[in-house]
Amino acid sequence: MASMLGGDVLSTLICFLGWLCLYFVLCVLNSKPSYEWNCRIVTVFHATLVTAMSSWCCIIQGPWPFTDPGGPSTPLQQLTSTLALGYFLFDFSWCLYFKTEGSVMLIHHLLSIIGLTVTVARHLYGTEMAATLVGSEITNPMLQLRWFLRESGMYNTLLAEINDWLFMCLFGGLRIGVGSYLLYCYLNHPTPDIFGKIGGTCIYLIGWIFWVSIVQFAIKKYRKKQSEQNSPSVNYSKSKTNGSNVITGEVKTKSE
């Protein structure tokens, strides 16, 4: 047991250092943009990789998270959780150092770290964790693309409009819609223990906080656009955003 735990700690440390090294390499090779720009590239890489691995776990390999949660993690589920844990440790440390995120995102990161740590250490919950990672990370590249477009002065384009709508639809459909049904199945399944059910509920509630912020931002955005169409002579100033309120788009959101 001790040797297994030691191996998990070493694997997590290697993953953390791997993400950190990737960030440093990007900062050296791509030194003109800001540190946040390069950190978001790491975020896109992580989200793409983990979404692909988690999707394979859920759809191809199994077990199916809606009917068979709470069992031992498969080797691929364990690897996926370890990679994600290493990333969240890196990103959480980055956010604390640069002080870019608000309390909701920091709580989200902290809950993710706790949940992934328990999954990796106990070699359990891999099935439901894979499903959670799919739902939370599949929209992340779109969120980062939104930020890149804003920083590049390309936010008022058709690409940005399509990206915003795709992000909102996927987030609402998967994280809120499918996520609600998954939580219902999970809470009513006899296999998962109380710790897994509490953790799943906490992550689900954080998702709702993000969703409310997304809807509020969308309403504000399209009201402003309608107002500009009705009063074309009015000069609206562009709000500056650096990265403290993640999901609303006015700030930095790297991981849901």
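See above for the structure.
Reading the values: rules and limits
Residues numbered from 1 in each chain as written. Predicted model: local features only at pLDDT ≥ 70, side-chain atom pairs only at ≥ 80, totals over all residues. Heavy atoms only, no water. Helix = DSSP H or I, 4+ residues; strand = E, 2+ residues; numbered from the N terminus. Buried < 20%, exposed > 50% of the residue type's maximum accessible area, 1.4 Å probe, protein only. Contact = heavy atoms within 4.5 Å. Areas by Shrake-Rupley, 256 points an atom, 1.4 Å probe, with all protein chains shown as cover. Core = buried A, V, L, I, M, F, W, Y, C linked by side-chain atoms within 4.5 Å. Salt bridge = Lys/Arg side-chain N within 4 Å of Asp/Glu carboxyl O. Expected span 1.5 Å × (residues − 1).

(A) Structural detail: the overall build of the protein chain. Along the protein chain, the regular secondary structure elements total eight helices and zero strands. When the helices and strands of the protein chain are read in sequence order from the N terminus, they spell out α-α-α-α-α-α-α-α. The burial tally for the protein chain puts 46% of its 256 residues in the buried class. Of all intrachain contacts in the protein chain linking residues separated by at least 6 positions in sequence, the fraction that spans at least 24 positions is 75%. For the protein chain, the computed accessible surface area is about 13000 Å², with 71% contributed by carbon and sulfur atoms.

(B) The nonpolar core, seen in detail. One finds Tyr 23, Val 42, Tyr 87, Phe 90, Trp 94 and Leu 116 to be the most contacted residues of the largest nonpolar core, which totals 20 residues. Sorting the residues of this core by element identifies α1 (2–29), α2 (35–61), α3 (75–98), α4 (103–122) and α5 (126–137) as the ones contributing at least two each. With eight residues, the single largest contributor to this core is α3. With near-sequence residues (within four places) excluded, Leu 116 lies in contact with Ser 81, Ala 84, Leu 85, Phe 88 and Met 129.

(C) Representation of the pattern of salt bridges in the model. Taken as a whole and assessed by the stated rule, the structure comprises five salt bridges. Between Asp 193 and Arg 122 there is a salt bridge, and its shortest N-O distance comes to 3.4 Å. With Asp 193 in the loop between α7 (158–187) and α8 (194–230) and Arg 122 in helix α4, the pair connects residues that are 71 residues apart, well separated along the chain. Residue class for Arg 122 comes out partly exposed when judged on its relative accessible area of 42%. Across the salt bridge formed by Lys 221 and Glu 161, the nearest N and O atoms sit 3.6 Å from each other. Here Lys 221, found in helix α8, pairs with Glu 161, found in helix α7; they are 60 residues apart in sequence, far enough to count as distant.

(D) Representation of helix α6 (residues 140–151) within the structure. The terminal C-alpha atoms of α6 lie 17 Å apart, and with twelve residues this matches the ideal 16 Å at 1.5 Å per residue to within 8%. For α6, a buried count of nine out of twelve residues is recorded, marking the element as mostly surrounded by other parts of the structure. Among the residues making up α6, those that are buried are Asn 140, Met 142, Leu 143, Gln 144, Arg 146, Trp 147, Phe 148, Leu 149 and Arg 150. Where the residues of α6 are buried, they touch α2, α5, α7 and α8. Once α6 finishes, Gly 153 follows within two positions and takes phi at roughly 70°, a positive value.

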